[in-house]
Amino acid sequence: MDPHAIDKAPDAAASWPDQIYDVLKRHEIRQVALVPDAGHSRLIKRCLADHGIKVITLTTEEEGIALIQGAWLGGEKAVLLMQSSGVGNCINMLSLSHIHRCPMPMLVTMRGDFGEFNSAQVPMGAATQAVLEAMGTLVRRADRPEDVAPTVEATIRMAFNTFRPTAALIGQRVIGAKTFGKD
Amino acid sequence: MLAASGRLDRRELTRALLADRGEMAVIAGLGAPAWDITAVGDHPLNLPLWGGMGGAAMIGLGLALAQPKRRVLVLTGDGEMLMGLGALATIAVQRPRNLAIVVQDNEHYGETGMQETATRHGVDLVAMAKGAGFPRTMLVTAPEEVPALKAAIHAGEGPVFAVAKIDAASKPLVLPPRDGAIIQARMREAILGPAAHHQL
């Protein structure tokens, strides 16, 4: 990967992005809404290559919250992929889940979380779990690669079985911290 | 259909757009559009919103993608649309042919004391949708233009984006069912049948 990229993608040898894709397929997720994040780059490629999944690239993350509800109204399951900074954009829109009892699973790659280089990522990264929980979201974390798929699985199951917002936070320790070549 | 101001009456416009709606699903933005669709006849295929300001068009997109053979109409206000302008880009890229967005533009925030919105100062939502790439855009200011808007909503050659300039006056409140869970569940049942409540 490009050592000067702002964001860090998982190592090619890492299998957890493919495992997330397998979980999405098992749960018949038909719409994947996202604002791109390097941590999700491999998963995004897998989704784009799959004609059974509609990938909706958003201009801002709260669009994805509303989209998930629309998909659910029409009988399709959707998930929202985003970086921790995007969580802050979703907060009021998450009201829709509580107003309508709508399942809303979110898969969040963390920044500002573990060995972060960029100070701009720290305020929202440090607040991600607290603000999600303040909005009634069930939040589960994975900080080891082997925990990612089970955490995503649990997050999707809890959303669609109990009709609420849920989030899997994929720790920066799993993804790796970007150093801008300063390490 | 015209108010004393010479602009369209919002309730009469809504009534005309929803007459003979067939199986069309309707998402109404919070505030007056939600009261409007309820005033002209509550319906299981209506989703009047109580919250989520800025999200109406994106709810319409998710539904339109999930149900590509069904017409989906998002009826919302200028304030609600202005809060989610990025959705115009997102929707134009997805190009759902069955989705129409109609903004009832009174150029004011009607629920909060009639403060002026950006459209009062010349912001052109139709131009924005056109710039985003919507294949069909319309500005509707007169009753004789409404049949063409209705035809566009039902043509399935969208996404359609239209602004209807309406009279600013507020209408009597006609509140939709209060429980959003019921509003959502009844639309799901109308679209998916009883399986809506068993699907996992």
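Owing to the predicted nature of the structure, the values given are computational and were not obtained by experimental measurement.

1. As for the packing of helix α1 (residues 10-18) of chain B against helix α7 (residues 146-155) of chain B
Residue and element names in this part refer to chain B.
Item 1. At their nearest, the axes of α1 and α7 sit 9 Å apart, and the two run at 45 degrees to each other. What the angle tells us is that α1 and α7 run oblique. As for the relative orientation of α1 and α7, their crossing is right-handed in sense. Residue-level contacts link Leu13, Ala16 and Leu17 of α1 to Val146, Lys150 and Ile153 of α7.
Item 2. Split by residue class, the contact of α1 with α7 holds 5 nonpolar, no polar and 1 charged.

2. What about the interface of chain B and chain A?
Interfaces are often sized by the accessible area lost when the parts come together.
Item 1. Every contact between the two is made by 31 residues of chain B and, on the other side, 29 residues of chain A.
Item 2. Among the elements of the structure, α3 (56-66), α5 (86-94) and α8 (180-192) of chain B are those that each provide at least two residues to the side of chain B that touches chain A.
Item 3. Residue classes in the side of chain B that touches chain A are distributed as 16 nonpolar, 14 polar and 1 charged.

3. So, the pairing of strand β1 (residues 29-34) of chain A
Residues and elements named next belong to chain A.
Item 1. In terms of burial, β1 is largely enclosed, as 5 of its 6 residues are buried.
Item 2. As defined by bridge partners, β1 adjoins strand β3 (residues 77-83) across 5 bridges and the pair is classed as parallel. Each residue of the ladder has a partner; that of Ile29, found in β3, is Lys77.
Item 3. Each parallel crossover has a hand, and the one from β1 via helix α2 (residues 41-48) to strand β2 (residues 54-57) is right-handed.

4. Examining the sheet that holds strand β1 (residues 25-28) of chain B
Residues and elements named next belong to chain B.
Item 1. The 6 strands are arranged β2-β1-β3-β4-β8-β7 in an open sheet whose pairing can be described as parallel. Two strands lie at the open edges of the sheet, namely β2 (46-48) and β7 (136-140), each paired on one side alone. Between one strand and the next, the sheet's axes are offset by a mean angle of 15 degrees, whatever the strand orientation.
Item 2. When strand β3 (residues 72-77) meets strand β4 (residues 99-105), the two strands line up parallel, connected through 6 bridges. Residue Leu73 lies in a different strand from β4, and its bridge partner there is Ala100.
Item 3. Of the strands in this sheet, β1, β3, β4 and β8 (160-165) are in contact with α1, which crosses β4 at around 165 degrees.

Conventions adopted
Residues numbered from 1 in each chain as written. Chains lettered and ligands numbered in written order. Predicted model: local features only at pLDDT ≥ 70, side-chain atom pairs only at ≥ 80, totals over all residues. Axes fitted to C-alpha atoms, helices over the stretch in contact; angles between N-to-C directions. Helix = DSSP H or I, 4+ residues; strand = E, 2+ residues; numbered from the N terminus. Parallel < 35°, antiparallel > 145°, perpendicular 65-115°, else oblique. Left-handed = near helix turned anticlockwise from the far one by under 90°. Contact = placed C-beta atoms within 7 Å. Nonpolar A, V, L, I, M, F, W, Y, C, P; charged D, E, K, R; others polar. Buried ≥ 20, exposed ≤ 12 C-beta atoms within 10 Å, placed from the backbone. Pairing = 2+ DSSP bridges. Right-handed = clockwise from strand over helix to strand, strands pointing away.

Function cannot be inferred from these measures alone, as they are strictly geometric.
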